[in-house]
Amino acid sequence: MPRPLRVAIVGSGPAGIYAADALLKSEVAADPGVSIDIFERMPAPFGLIRYGVAPDHPRIKGIITALHQVLDKPQIRLFGNVDYPSDISLDDLRAFYDGVIFATGAMADRALPIPGIDLDGSYGAADFVSWYDGHPDVPRTWPLEAEKVAVLGVGNVALDVARILAKTADELLPTEIPANVYDGLKANRAKEIHVFGRRGPAQAKFSPMELRELDHSPASR
């Protein structure tokens with residue numbers, strides 16, 4: 001009787017978990033079967049959904065419920081606090097698994113080659129998002145001292161950043177916002193937030209929901 005196919009997945013964000021789900025629904029899962037081990041650098045899973053979605057987006061964060069259902073399958077094991085490649089190498093994985101899937105995601109911002117990008121007060125969106133989502137790798141404080149803030153870009157993340165800066169800290173209390181982020185936003189001095197795009201409104205990449213959620217904030221009046 002053939003043994004089950006053994007697969008290692010590095011990364012437990014949506015891509016990694018959906019990959020595991022696809023394997024479980026494939027023909028190989030029926031014969032000879034599949035056994036999946038997911039390795040995650042952080043102590044908790046869900047990657048982008050946990051650390052990349054604005055706290056005032058509970059509907060999107062609700063995707064975690066569906067991801068939980070996949071992780072609950074008996075063919076899947078999750079190992080947290082395992083860093084690739086310092087804790088486990090590709091040779092290790094190849095020695096014990098028939099296949100390896102890397103789903104580590106984008107760890108940092110892409111470089112933006114414009115004059116002044118390295119000046120004090122210039123930050124990447126990924127760092128700011130990680131801060132307001134309580135990512136354990138980033139500092140617990142953020143220097144929200146500017147009264148006028150420029151956000152470069154017109155995607156969903158840009159609108160999330162602008163909205164978090166525009167809302168009052170108390171508006172975010174019903175969400176999962178960490179206590180240190182609430183304290184930081186309580187001291188936020190931003191009075192004007194300007195969003196800049198390279199092209200016109202027709203090319204904006206944010207969804208209407210990102211913009212519409214500002215309508216409910218008294219700070220946007």
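Sequence order sets the numbering: in each chain, residues are counted from 1 along the sequence as written. At least 70 in pLDDT is required for a residue's local features to be given in this predicted model, at least 80 for side-chain atom pairs to be given and counted, and no such filter applies to totals for whole chains, interfaces and linings, which use all residues. The side-chain quantities take in all heavy atoms of the structure and omit both hydrogens and water.

(A) Structural detail: the packing of aromatic side chains. By convention, a stacked pair of Phe, Tyr or Trp rings (six-membered ring in the case of Trp) has centres within 6.5 Å and planes under 30 degrees apart, an edge-to-face pair has planes over 60 apart, and any other such pair is tilted. Under the criterion given, the structure shown has eight aromatic pairs. Relative to Trp 142, the ring of Trp 131 has its centre 6.2 Å away and its plane inclined at 40 degrees; by these criteria the two rings are tilted. On the criterion of sequence distance, the pair formed by Trp 131 in helix H7 (residues 125–132) and Trp 142 in the loop between H7 and strand S5 (148–152) is long-range, its members being 11 residues apart. Taken together, the ring pairs in this structure connect Tyr 123, Phe 128, Trp 131, Tyr 132 and Trp 142 into an aromatic cluster. To sit over a ring, a charge needs its Lys NZ or Arg CZ within 6 Å of the ring centre and within 35 degrees of the ring normal. Directly above the ring of Tyr 97 sits Arg 6, whose terminal nitrogen or CZ lies 4.7 Å from the centroid. Strands are runs of DSSP state E lasting at least two residues, helices are runs of H or I lasting at least four, and both sets are numbered from the N terminus onward.

(B) Representation of the environment of Lys 148. Residue placement: Lys 148 occurs in strand S5. Separated by 22 residues in the primary sequence, Lys 148 and Ala 126 place their C-alpha atoms 20 Å from one another.

(C) Representation of the pairing of S5 in the model. For every residue, the accessible area obtained with a 1.4 Å probe (protein chains only) is divided by the maximum for its type, and the residue is called buried under 20%, exposed over 50%, and partly exposed between those limits. Only one face of S5 is buried, namely the one carrying Val 149 and Val 151, since none of Lys 148, Ala 150 and Leu 152 on the opposite face is buried. Bridging between S5 and strand S6 (residues 192–196) involves five bridges; their strand directions are parallel. Opposite Val 151, over in S6, you have Val 195 as the bridge partner. Two strands are counted as paired when DSSP detects at least two bridges linking them.

(D) Helix H8 (residues 156–166), seen in detail. Most of H8 sits out of view: eight of its 11 residues are buried. The set of residues buried in H8 consists of Ala 158, Leu 159, Asp 160, Val 161, Ala 162, Arg 163, Ile 164 and Leu 165.

(E) Structural detail: a positive patch on the surface. What goes into a patch is any residue over 30% in relative accessible area without a salt bridge, connected to like charges within 9 Å or, for nonpolar side chains (Val, Leu, Ile, Met, Phe, Trp, Tyr), within 5 Å. Accessibility throughout is a Shrake-Rupley quantity obtained with a 1.4 Å probe, and a residue counts as covered only by protein chains that appear here. By definition here, a salt bridge exists when the distance from a side-chain nitrogen of Lys or Arg to a carboxyl oxygen of Asp or Glu is within 4 Å. Only four residue types enter the charge count, namely Lys and Arg as positive and Asp and Glu as negative; His and the chain termini do not. Charged groups are reduced to one reference atom each: NZ for lysine, CZ for arginine, CG for aspartic acid, CD for glutamic acid. Taken together, the side chains of Arg 110, Arg 198, Arg 199 and Lys 205 define a basic patch exposed on the protein surface. Mapped onto the secondary structure, Arg 198 falls in the loop between S6 and helix H10 (208–212).

(F) Focus on helix H1 (residues 14–24). Counting buried positions along H1 yields eight of 11 residues, so the element is predominantly enclosed. Those residues of H1 that fall on the buried side of the exposure criterion are Pro 14, Gly 16, Ile 17, Ala 19, Ala 20, Asp 21, Leu 23 and Leu 24.

(G) Spotlight on the pattern of salt bridges. Within the structure shown, the criterion is met by nine salt bridges. Residues Asp 37 and Arg 77 are paired through a salt bridge, measuring 2.9 Å at the closest nitrogen-oxygen approach. Of this pair, Asp 37 sits in strand S2 (residues 34–39) while Arg 77 sits in strand S3 (residues 76–79); the two residues are 40 residues apart in sequence, bridging distant segments of the chain. Asp 37 gets classed as buried once you look at its relative accessible area, which sits at 0%. For the salt bridge of Lys 186 with Asp 170, the shortest nitrogen-to-oxygen distance reads 3.1 Å. In this pair, Lys 186 sits in helix H9 (residues 179–186) while Asp 170 sits in the loop between H8 and H9, placing the two residues 16 residues apart along the sequence. You can call Asp 170 partly exposed: its relative accessible area is 40%. Put simply, Asp 56, Asp 160, Arg 163 and Lys 167 are held in one network by salt bridges that share partners.

(H) Focus on the side chain of His 57. On the secondary structure map, His 57 appears in the loop between helix H3 (47–51) and helix H4 (58–61). We classify His 57 as buried; its relative accessible area is 2%. It only takes one pair of heavy atoms within 4.5 Å for two residues to be counted as in contact. Once you skip the residues sitting within four places of it in the chain, His 57 turns out to touch Asp 160, Arg 163, Met 209, Glu 210 and Glu 213.

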